[in-house]
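Each chain is listed here by its residues.
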Amino acid sequence: MTDIDKTAGPKDTPPAGAEAIKAIPVRHYGRYVTAVIAIAVLAAIVNAFAQGKINWHAIPDYFFDDRIMTGVGKTLLLTVLSMLIGIVGGIVLAVMRLSKNPVTSAIAWFYIWFFRGTPVLVQLFLWFNLGLVFEYINLMPIYKDYWSSFMTPLLTALLGLGLNEAAYMAEICRAGLLAVDEGQTEAAHALGMSHGKTLRRVVIPQAMRVIVPPTGNEVINMLKTTSLVAQVQFSELFRYAQDIGQNSGAPVEMYFLAAAWYLIMTSVLSVGQYYLERYYARGSSRTLPPTPWQKVKKNLTTFSSRKVTA
């Protein structure tokens, strides 16, 4: 009796007389057409700007001007302070929104509804012009002054940007908190942990994987939104670029300069966001995807090994 090898798999070699199948890759002609159209449009845009009456030499002349660098510093400072107000306020509002107390939850809902439903520029003008309604700000024995002296352009910018950002961060934080399984909270309470300690030690660290990516986008968006505060007399990058453009007779060139600085700052923030997301993703996957630098090193190593083999 012949034994049958049940572990043996299919033979790699085709049977005698059979013709090997030759795989032919599918040709994607649409990709080539799209690429050609995109290159043609890009070339047309570059040619149009090259033919325009733009003084390109004015951009490097003012790129590191003291006023521009001061504007960059104020833009970054305003971004950081506004995001701090937004993040702290967002966490508080998210906890209030999830509270079982109907009054607390209703207050948080109304806040989010109001600040998300009105434009940032309208809020900035509202804070800036409240002096037309209130002559004084009176906090009883703590502080009393004229509203015009109290509501400085910096304070207007912080209130307009920070309070508006808190409404968006509240929804981001609420989504992150809801993403954590309720069993985690129940287990923490079973161990005798208080509600506040459970949030700090158990819920929030796990919710960070959901909170961090949209928060990074909010930081980048905040950096660009700071350009609106030029309308309430606060001098930052865009305001300084406008002033230089009006005085030098090159307004369009200074707008290009401001755009270049915004691109540089947002690119740096995007790199930081990538590594921050990678840090908080450690517990969600066994192997993290390689970083861009690791990909470059791997490609260089592969290219070198092929060259040596050849």
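Residues numbered from 1 in each chain as written. Predicted model: local features only at pLDDT ≥ 70, side-chain atom pairs only at ≥ 80, totals over all residues. Heavy atoms only, no water.

Enquirer: How would you summarise the overall build of the chain if you had to cite specific residues and measurements?
Expert: The number of helices and strands found in the chain is 12 helices and 2 strands. Sequence-ordered secondary structure for the chain, helices as α and strands as β, is α-α-α-α-α-β-β-α-α-α-α-α-α-α. Counting every position in the chain, which comprises 310 residues, the buried fraction comes to 28%. Excluding contacts between residues fewer than 6 apart, the proportion of contacts in the chain whose partners are at least 24 apart in sequence is 73%. (Helix = DSSP H or I, 4+ residues; strand = E, 2+ residues; numbered from the N terminus. Buried < 20%, exposed > 50% of the residue type's maximum accessible area, 1.4 Å probe, protein only. Contact = heavy atoms within 4.5 Å.)

Enquirer: I'd like a description of the side chain of T226, backed by residues and values.
Expert: With respect to the helices, strands and loops of the structure, T226 is situated in the loop between α9 (195-225) and α10 (237-248). Those residues within four positions of T226 in sequence are excluded, and the remaining contacts are T75, L78, T79, L161 and E236.

Enquirer: Residue-level account of the side chain of T156, with values.
Expert: Note on placement: T156 falls in helix α7 (residues 153-179). For T156, a relative accessible area of 0% gives the class buried.

Enquirer: Report on the packing of helix α5 (residues 120-128) against α7, specifying residues and quantitative values.
Expert: Axis separation between α5 and α7 bottoms out at 9 Å; the angle between their running directions is 140 degrees. Accordingly, the angle class assigned to the pair α5 and α7 is oblique. α5 and α7 meet at a crossing whose hand is right-handed. Where α5 approaches α7, its residues V120, Q123, L124, W127 and F128 are matched on the opposing element by T156, A157, L159, G160, L161, L163 and N164. Residue composition of the contact of α5 with α7, grouped by class: 8 nonpolar, 4 polar and no charged. (Axes fitted to C-alpha atoms, helices over the stretch in contact; angles between N-to-C directions. Parallel < 35°, antiparallel > 145°, perpendicular 65-115°, else oblique. Left-handed = near helix turned anticlockwise from the far one by under 90°. Nonpolar A, V, L, I, M, F, W, Y, C, P; charged D, E, K, R; others polar.)

Enquirer: Report on unusual backbone geometry, specifying residues and quantitative values.
Expert: Backbone geometry places Q233, a non-glycine residue, at a positive phi of 70 degrees. With respect to the helices, strands and loops of the structure, Q233 is situated in the loop between α9 and α10. Here Q233 falls in the partly exposed class, since its relative accessible area comes to 45%.

Enquirer: Break down the pattern of salt bridges for me, citing the residues and quoting the values.
Expert: Scanning the model with the defined rule gives 4 salt bridges in all. The shortest N-O distance in the salt bridge between E171 and R97 comes to 3.1 Å. With E171 in helix α7 and R97 in helix α3 (residues 66-97), this residue pair connects regions lying 74 residues apart in the sequence. Here R97 falls in the partly exposed class, since its relative accessible area comes to 23%. Among the salt bridges present, the one from R239 reaches D243, with a minimum N-O distance of 3.8 Å. In this pair, R239 and D243 are both assigned in helix α10, 4 residues apart and thus about one turn of the helix distant. Overall, the relative accessible area of 30% leaves D243 in the partly exposed class. In this structure, a network of salt bridges that share partners links the residues R97, E171 and R174. (Salt bridge = Lys/Arg side-chain N within 4 Å of Asp/Glu carboxyl O.)

Enquirer: Can you explain α10? Please cite residues and give values.
Expert: Taking 1.5 Å per residue as the helical rise, α10 with its 12 residues ought to reach 16 Å, and the 16 Å between its terminal C-alpha atoms agrees with that figure. Every buried residue of α10 is accounted for by L237, R239, Y240, A241, I244 and G245. For α10, the elements touching its buried residues are α2 (58-62), α3 and α11 (251-280). Capping the start of α10, E236 holds a side-chain oxygen 3.0 Å from the backbone nitrogen of F238, two or three residues further along. Looking one or two residues beyond α10, the residue adopting positive phi is G249, at roughly 75 degrees. (Expected span 1.5 Å × (residues − 1). Polar contact = N/O pair within 3.5 Å; in protein donor to acceptor, adjacent residues only side chain to side chain.)

These values are about where atoms sit, not about what they do.
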